[in-house]
Amino acid sequence: MNVLSLLIPIVIVGILLLGLCRKINIIEEFAAGAKEGVMSVIHIAPMLILMLTALSMFRGSGAIALMEQVLSPICSAVGIPPELIPLAILRPISGSGSIAQLADYLSPYGADSALGRMASVLAASSETTFYTYALYSAAAGVTRLPYALTCGLLSDFVAFLFSVLSVRVFFG
């Protein structure tokens, strides 16, 4: 038997033994933690529902296709594959949407193609900024975080540029 397969049970037993040694009511503490977790979900849920609704409306409206059409000539002029535009737009908005878009690139082009590598680097080096922003602002009860959102979107843009640049530099 592999030692790593025993790691989680050992940690759980260790936590229980430590709690017993310190005379902590483990059941009561677990229930308090579970209650706090449920309260966090209740507190965050409205913002998540808003975010998912906005994402569905954005994707269904054709805005991504319109943005791709507008940005394609600019990207082509500076050497960025226009096919990456939908991923660059989706990644800050939706993790699952951007992973689906990544899979759409990898199927026809392959993981070892320039576009496949650029898309993979972009997906791995950027964040679902709007989701993170909504989640953390709701959890912290903060309603005004303009600098955080601006910095997050700027970092996503830099990730977009450097995903192309790094693949060109390291893979030719």
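Here the structure is a predicted model, which is why all the values come from computation and not from measurement. (Residues numbered from 1 in each chain as written. Predicted model: local features only at pLDDT ≥ 70, side-chain atom pairs only at ≥ 80, totals over all residues. Heavy atoms only, no water.)

### Here's the deal with helix H7 (residues 129-140)
Step number 1: Here H7 is 12 residues long and its end C-alpha atoms lie 16 Å apart, about the 16 Å a rise of 1.5 Å per residue gives.
Step number 2: Among all positions in H7, only Thr129, Ala134, Leu135, Ser137 and Ala138 are buried.
Step number 3: Looking at the buried side of H7, the elements it contacts are helix H2 (26-60) and helix H8 (146-171).
Step number 4: A positive phi of about 75° marks Gly141, the residue just after H7. (Helix = DSSP H or I, 4+ residues; strand = E, 2+ residues; numbered from the N terminus. Expected span 1.5 Å × (residues − 1). Buried < 20%, exposed > 50% of the residue type's maximum accessible area, 1.4 Å probe, protein only. Contact = heavy atoms within 4.5 Å.)

### Some points on the pattern of salt bridges
Once their charged atoms are close, side chains differing in charge can pair, the charge on each being opposite to the other.
Step number 1: Counted according to the given criterion, the structure contains one salt bridge.
Step number 2: The closest approach of N and O atoms between Asp112 and Arg117, which form a salt bridge, is 3.7 Å.
Step number 3: On the basis of relative accessibility, which here comes to 62%, the residue Asp112 falls in the exposed class. (Salt bridge = Lys/Arg side-chain N within 4 Å of Asp/Glu carboxyl O.)

### Some remarks on helix H5 (residues 95-109)
Because an α-helix completes one turn every 3.6 residues, residues spaced three or four positions apart along the sequence face the same direction.
Step number 1: Helix length check: H5, at 15 residues, gives a terminal C-alpha distance of 21 Å against a target of 21 Å (1.5 Å per residue), a fit within 8%.
Step number 2: Summarising the contacts, the buried residues of H5 are in contact with H2, helix H4 (85-90) and helix H6 (114-125).
Step number 3: The positive-phi residue at the C-terminal boundary of H5 is Gly110, with phi of around 90°.

### Comments concerning the environment of Ala111
Step number 1: Among the structural elements, Ala111 can be located in the loop between H5 and H6.
Step number 2: Contact partners of Ala111, with chain neighbours within four places excluded, come to Leu106, Gly116 and Arg117.

### Considering the layout of surface pockets
Step number 1: In this structure, the largest pocket spans a volume of roughly 380 Å³.
Step number 2: Taken together, 21 residues line the largest pocket, and the ones lying closest to its centre are Leu71, Ala88, Ile89, Phe157 and Phe160.
Step number 3: The biggest single contributor to the lining of the largest pocket is H8, with five residues.
Step number 4: Its residues assigned to classes, the lining of the largest pocket comprises 18 nonpolar, one polar and two charged. (1 Å grid on protein atoms, 1.4 Å probe; cavity = no way out; pocket = protein on both sides within 12 Å on 5 of 7 lines; lining within 4 Å. Points joined across faces, edges and corners; volume = space filled by probe spheres on them. Nonpolar A, V, L, I, M, F, W, Y, C, P; charged D, E, K, R; others polar.)

### Regarding the confidence of the model for the chain
Step number 1: Considering every residue of the chain, the mean pLDDT works out to 87; 98% of them sit at 70 or more.
Step number 2: Per-element confidence in the chain ranges from a low mean pLDDT of 80 for H7 to a high of 93 for H6. (pLDDT = per-residue confidence, 0-100.)

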